[in-house]
Amino acid sequence: MSVAGANESCCPWAQVSHLISFSATHQLHNKSLSNEENLKLFGKCNNPNGHGHNYKGERKTDEILIDPVTGMVMNLTDLKEYMEEAIMKPLDHKNLDLDVPYFADVVSTTENVAVYIWENLQKFLPLGVLYKVKVYETDNNIVVYKGE
């Protein structure tokens, strides 16, 4: 992706990442399975009262030409606003299973949270800008999704 009118041979390319944190609760539970099957499959994460995480979400752009006028790949203030709308408002301090319609019929695994974030961010960003979404459920459990 290039900036209109920019001389691509003179300008470097870069990727931009932005990291945010949000807290949410959920229960890993597949409605098509019995309670016993869910407990066996998801263990303590199937607790009927749910459990919570302090997630971190990282969004990274594809390599984009640095605009020679602004010196930026994209305005970070705009990016922060997009992430607020796409991630924080729908997910932060929510019960994913009860408060987020997307998860009414989708198991709220970190993998599916990453897909949800990707799909929501795509609504705000120009086509082809989003490269990957990385969701940290814990310091040890991380999911990367590239929209594939």
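- Under an unreviewed UniProt entry, the protein has the name 6-pyruvoyl tetrahydrobiopterin synthase and belongs to Ursus americanus.
- Taken directly from UniProt, the Sequence similarities (unreviewed entry) text for the protein runs: "Belongs to the PTPS family."
- Its UniProt record, at the heading Cofactor (unreviewed entry), says of the protein: "Zn(2+)".

1. Describing the sheet that holds strand β5 (residues 94-95)
- Strand order in this open sheet of 5 strands is β5-β2-β3-β6-β7, and the pairing throughout is mixed. Each of the sheet's edge strands pairs with one partner strand only, and the pair in question is β5 and β7 (142-145).
- Two strands pair when backbone bridges link them, and strand β2 (residues 17-26) and strand β3 (residues 51-61) are joined in this way by 10 bridges, in the antiparallel orientation. By the bridge assignment, A24 is partnered in β3 with H53.
- Along the sheet face, helix α2 (residues 76-91) touches β2, β3 and β5 and points at about 10 degrees away from the line of β2.
- Sheet contacts for helix α4 (residues 110-122): β2, β3, β6 (130-136) and β7; angle to β6, the most-contacted strand, approximately 145 degrees.

2. So, unusual backbone geometry
- Residue H93 is not a glycine yet carries a positive backbone phi of 55 degrees.
- For H93, a relative accessible area of 65% gives the class exposed.

3. Concerning α2
- The terminal C-alpha atoms of α2, which comprises 16 residues, lie 21 Å apart, in line with the 22 Å expected from a rise of 1.5 Å per residue.
- A bend of about 40 degrees at E84 is the largest found in α2.
- Among the residues of α2, L79, M83, A86, I87, M88, P90 and L91 are the ones counted as buried.
- On its buried face, α2 is in contact with β2, β3, β5, α3 (96-99) and α4.
- Count one or two residues on from α2 and you reach H93, which has phi positive near 55 degrees.

4. Here we look at the packing of aromatic side chains
- Evaluation of the coordinates by the stated rule reveals 6 aromatic pairs.
- Aromatic side chains W118 and Y145 sit 5.7 Å apart centroid to centroid with 90 degrees between the ring planes, which places their arrangement in the edge-to-face category. A residue pair is termed long-range when its members are at least 10 positions apart, and W118 in helix α4 and Y145 in strand β7 qualify at 27 residues.
- Each residue in the set Y102, F103 and Y116 is aromatic and connected to the rest through ring pairs, giving one cluster.

Cut-offs applied
Residues numbered from 1 in each chain as written. Predicted model: local features only at pLDDT ≥ 70, side-chain atom pairs only at ≥ 80, totals over all residues. Heavy atoms only, no water. UniProt positions renumbered as here; feature names shortened; annotations may be inferred. Pairing = 2+ DSSP bridges. Helix = DSSP H or I, 4+ residues; strand = E, 2+ residues; numbered from the N terminus. Contact = heavy atoms within 4.5 Å. Axes fitted to C-alpha atoms, helices over the stretch in contact; angles between N-to-C directions. Buried < 20%, exposed > 50% of the residue type's maximum accessible area, 1.4 Å probe, protein only. Expected span 1.5 Å × (residues − 1). Bend = angle between axes of the 7 residues up to and from the residue. Phe/Tyr/Trp six-rings, centres within 6.5 Å; stacked < 30°, edge-to-face > 60°.

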